[in-house]
Amino acid sequence: MGGILDALATSPALQDGDLSRFHGQAVRVAPTRGAIVLRDRSGQQLVNTLIPFGTPLPVTTAPEVLAADECVFRTVSTCISDVYVGTSDPQPYVLLDAPVVLSDRAGVTFALNVALRARHLATMLDGHRLPPGWAVSILDRQDRIVARSPDHERFVGSLANAALRQQATANEGIVRGVNIAGVPVSGAYVRLPAWGWRVAIGVPEAVLDAPLRRSVLSFGAVGLLAVAASVAAALLYGRRLARPIRMLARAAAEVGAAPALGPTAIRELDEVAASLAAGEERLLLAQEAGRIGTWELDPRTGEAVVSVPQAHLYGLPAEAAPHGLSRDVWLALIHPADRARVAATVRDAVASGTAYEDEFRILRADTGEERWVRARGRWSARRRRLVGVNIDFTEAKAAEAALAASEAEFRATFENSVVGKAQVDPTTLRFVRVNRCFCEILGYDEEELLAGMTFLDVTHPEDRSANETGFREAMAERLPYEVEKRYLRKDGGVRWVIVSVALLPCAPGRPARTVAAVQDITARRWAEERQALLAREVDHRAKNALAVVQAAIRLTPKDDAAAFAQAVEGRISALARAQTLLAERHWGGAPLSTLIERELAGFVGAGDDVALTRAQIEGPPLLIAAEAAQPLAMVLHELATNATKYGALSAPGGLVSVAWMPDPAEGSLLLEWVETGGPPVPGPPRRRGFGSRVLEATLHQLGGHIALEWRPEGLACRVRAPLGRTVAERHSGQSPATAIRVH
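Residues numbered from 1 in each chain as written. Predicted model: local features only at pLDDT ≥ 70, side-chain atom pairs only at ≥ 80, totals over all residues. Heavy atoms only, no water.

> Describe the overall build of the chain, and please don't skip the residues or the numbers.
Helix and strand counts for the chain stand at 22 helices and 30 strands. Within the chain, the fraction of its 743 residues that count as buried is 43%. Contacts in the chain between residues at least 24 apart in sequence constitute 53% of all its contacts with a sequence separation of at least 6. Split by element, the accessible area of the chain, about 37600 Å² in all, is 56% carbon and sulfur. (Helix = DSSP H or I, 4+ residues; strand = E, 2+ residues; numbered from the N terminus. Buried < 20%, exposed > 50% of the residue type's maximum accessible area, 1.4 Å probe, protein only. Contact = heavy atoms within 4.5 Å. Areas by Shrake-Rupley, 256 points an atom, 1.4 Å probe, with all protein chains shown as cover.)

> Can you tell me about helix H5 (residues 118-126), naming the residues and giving the values?
Within H5, burial applies to Ala118, Leu121, Ala122 and Leu125. For H5, the arc enclosing every buried residue in end-on projection is 105°, short of the 170-degree limit, so these residues lie on one face. (Arc of directions from axis to C-beta.)

> Describe the nonpolar core, naming the residues involved and giving the relevant values.
One finds Leu592, Ile596, Leu600, Val658 and Trp673 to be the most contacted residues of the largest nonpolar core, which totals 40 residues. For this core, the element with the most residues is helix H20 (residues 626-645), which contributes ten residues. Among all residues touching leucine 600, those that are not within four sequence positions of it are Ala615, Ile617, Ala640, Val658 and Trp673. (Core = buried A, V, L, I, M, F, W, Y, C linked by side-chain atoms within 4.5 Å.)

> Report on the state of the cysteines, specifying residues and quantitative values.
This structure, assessed with the given rule, holds one disulfide. The disulfide bridge from cysteine 71 ends at cysteine 79, spanning 2.0 Å between sulfur atoms. Across the S-S bond of cysteine 71 and cysteine 79 the torsion is about -65°, and the bridge reads as left-handed. A disulfide-free cysteine, cysteine 439 has its sulfur positioned 9.2 Å from the sulfur of cysteine 437, the nearest such atom. (Disulfide = S-S within 2.5 Å.)

> Can you tell me about the environment of asparagine 416, naming the residues and giving the values?
Considering the arrangement of structural elements, one finds asparagine 416 in helix H13 (residues 394-416). Accessibility expressed as a relative area gives 53% for asparagine 416, which makes it exposed.

> With reference to specific residues and values, describe the pattern of salt bridges.
Summed over the entire model, instances satisfying the criterion amount to 37 salt bridges. With a shortest N-O distance of 3.0 Å, arginine 74 and glutamate 70 are connected by a salt bridge. Of this pair, arginine 74 and glutamate 70 both sit in helix H4 (residues 63-75), four residues apart, which is roughly one turn of the helix. Exposure remark for arginine 74: the relative accessible area of 54% places this residue in the exposed category. Salt-bridge contacts for arginine 524 lead to glutamate 484; the nearest nitrogen and oxygen are separated by 3.8 Å. A residue pair is termed long-range when its members are at least 10 positions apart, and arginine 524 in helix H17 (residues 522-555) and glutamate 484 in strand S19 (residues 481-488) qualify at 40 residues. (Salt bridge = Lys/Arg side-chain N within 4 Å of Asp/Glu carboxyl O.)

> I'd like a description of unusual backbone geometry, backed by residues and values.
Look at the link from serine 149 to proline 150: it is a cis peptide, with omega at 5°. Within the secondary structure layout, proline 150 lies in the loop between strand S8 (145-149) and helix H6 (152-155). Of the consecutive residues alanine 321 and proline 322, the connecting peptide bond is found in the cis state with omega at 10°. Here proline 322 is to be found in the loop between helix H10 (308-313) and helix H11 (327-332).

> So what's going on with the environment of arginine 300? Which residues, and what values?
By the element assignment, arginine 300 lies in the loop between strand S12 (292-297) and strand S13 (304-306). As for arginine 300 and arginine 385, which are separated by 85 residues in sequence, their C-alpha atoms are 8.9 Å apart.

> Go over the sheet that holds S19 with me, naming the residues and quoting the values.
Taking strand neighbours across the sheet as the criterion, the five strands line up as S18-S17-S21-S20-S19 in an open arrangement whose pairing is antiparallel. The open sheet is flanked by strand S18 (431-434) and S19, the only strands paired with a single partner. Taking the axes of each pair of neighbouring strands and ignoring which way they run, one obtains an average angle of 30° across the sheet. When strand S20 (residues 494-504) meets strand S21 (residues 513-520), the two strands line up antiparallel, connected through eight bridges. Looking at the pairing, serine 500 lines up with alanine 517 of S21. Lying over the sheet, H13 contacts strand S17 (420-424), S18 and S21, oriented at roughly 85° with respect to S18. On the sheet, helix H16 (residues 461-476) packs against S19, S20 and S21 and is oriented at approximately 150° with respect to S19. (Pairing = 2+ DSSP bridges. Axes fitted to C-alpha atoms, helices over the stretch in contact; angles between N-to-C directions.)

> So what about the side chain of asparagine 435? Which residues, and what values?
Mapped onto the elements, asparagine 435 comes out in the loop between S18 and helix H14 (436-442). Within the structure, asparagine 435 has its side chain in polar contact with the backbone oxygen of phenylalanine 414 (distance 2.9 Å). Not counting residues within four places of it along the chain, the set of residues in contact with asparagine 435 comprises Phe414, Glu415, Ser417, Val419, Gly420 and Lys421. (Polar contact = N/O pair within 3.5 Å; in protein donor to acceptor, adjacent residues only side chain to side chain.)

> Lay out the side chain of histidine 637 with the relevant residues and their values.
Assignment of secondary structure puts histidine 637 in helix H20. Setting aside its immediate chain neighbours within four residues, histidine 637 contacts Gly570, Arg571, Ala574, Arg577, Glu599 and Phe603.

These results come straight from atomic positions and should not be treated as a statement about function.
Written out as structure tokens, the structure is:
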């Protein structure tokens, strides 16, 4: 039975922790009148072939069993117990106890034993058919009866008689005394080697007379020899049984390497062999399919046991398994650049007894092709070997490199893009990755955005609801999503953006992510709004200009065609100059000083050789609103036309002074026109002229009015108009006073 225990102790099911499968294997090889039991160091039974798997099992308390377990855990070798009463089955038992060492743990993990009922040994003794009155017993190391014939059930577990106990140390001898039944006997005993047990035979003295005593004792010796012969026969049977068991153990240890086990005439072993062969075939097919090879290295000798798939992985024929890929051959097939490191890693794993893991390149023996191999192994303290697997992961390595390159390319594109990029968790809406450009758009640091902020936190309140709804609907259908919306910067500013979102593909079990491209279109948006405003303004100004032209034509006297044409042309020119000035400034208004200069420039032309100052303007910088520029240009044109015909600009020494000042108290703009040095003015005209009507009608458009004072030295005119309708803002681009001089 020792061979069976050794094979079971190395069962792959036990090594894998599959106790259910191991229970089935143990049931098939358990003796008919015995049980196979697996216990841990606490005595807790884990497997018992007498009890269906899954049934709660007891803790063994029998001292004899625990002593055998202690021997196993201490010596890491097979031990035999004295007779004891079973825990699950309260019958006298003896057991053979073997150590179980798992490859991933140090020392003995479990005790595995086969328990034989003492009745089984008694049956063997009964088969010798001793004469009436004779008795034969098997004694354990404590001199307790393990089996007896006859009356086994009566005396099993009892101590041997005093005469035998007194000679407990000798290996053999002849004794006289009273047996445990109280009958005077003469007998002999012999100790069984290795076990420490004794076999004793006794003959009642009543059946012996003096002349026959010697011959009887001789016959007793013959009986002991017969018993010893039975024990020897059992040992021979055990050897016969052990051979196929050892072959099974070898087949389990060297998958794909051990020779096939033929019929043994032992049904249970043949079933185990068939099961092992089927499992071996499945394992080999799985290894070939997965490009996985198994190996077992003896670091002392450098010899290795390898599977056929391991040999194929290195480009060697199947015949190289199990012993044709030694450590030296293996190292020779490793890429020269990796060889020294790989050898050192193996040495370190063996020296430390820790797990072995490595990745390296090999050059196949048949083609020289470079392949990537991942190696993993564990140190087996019981076998004193490094046991593991090799996995060809060349394709996975190439895919990994391609993925790394793709990720690096994506990272470079993502981080260095001139467009804002952001990755968002579609469930929580939180940012999980942002680039520098995105941070610049929002004015936040990367750490701030990744500290739990969502894209709704930086979206304008008026855009949030529609943005969230559209985003979630698109992501639920795994569709791209694009939106034009406003972001709120950290400093409170508003940025217009176009956001294009796509759902990234992800591996199973990994959280989904979206990637968004964010383009800042604030400048474009402002330009579009300004263009729309300008278009509306141009339309409005064109209508106003046409209305002014229409009024100028209507108010101009028509009795003199030449004068009519000249007057209309001058007024339209004034409107055109104001239009040009507004266009130059994108219809954002016109500086009042520039407007006055351009209107007077057409009237103060070349004259005397001596340079004379003909016009002077003075006032603070003011930007005239676009809608007030043309009416004021018409007013200035009419005043300059009148001065050229009748006033200061009609005489060589005349001077026109124009001054202005905003009056916040009254909310109005005051502009004064004063002429000096012209012909004397006798007084106001006798009738209201055409120019006066144009001035009044034009200022009426601005809600203003004009006051004319006819002084002897020249005309003085005061214009007042509301600030809100005439002034856009104070303008700092002009000097506070400007003079126009002509030569």
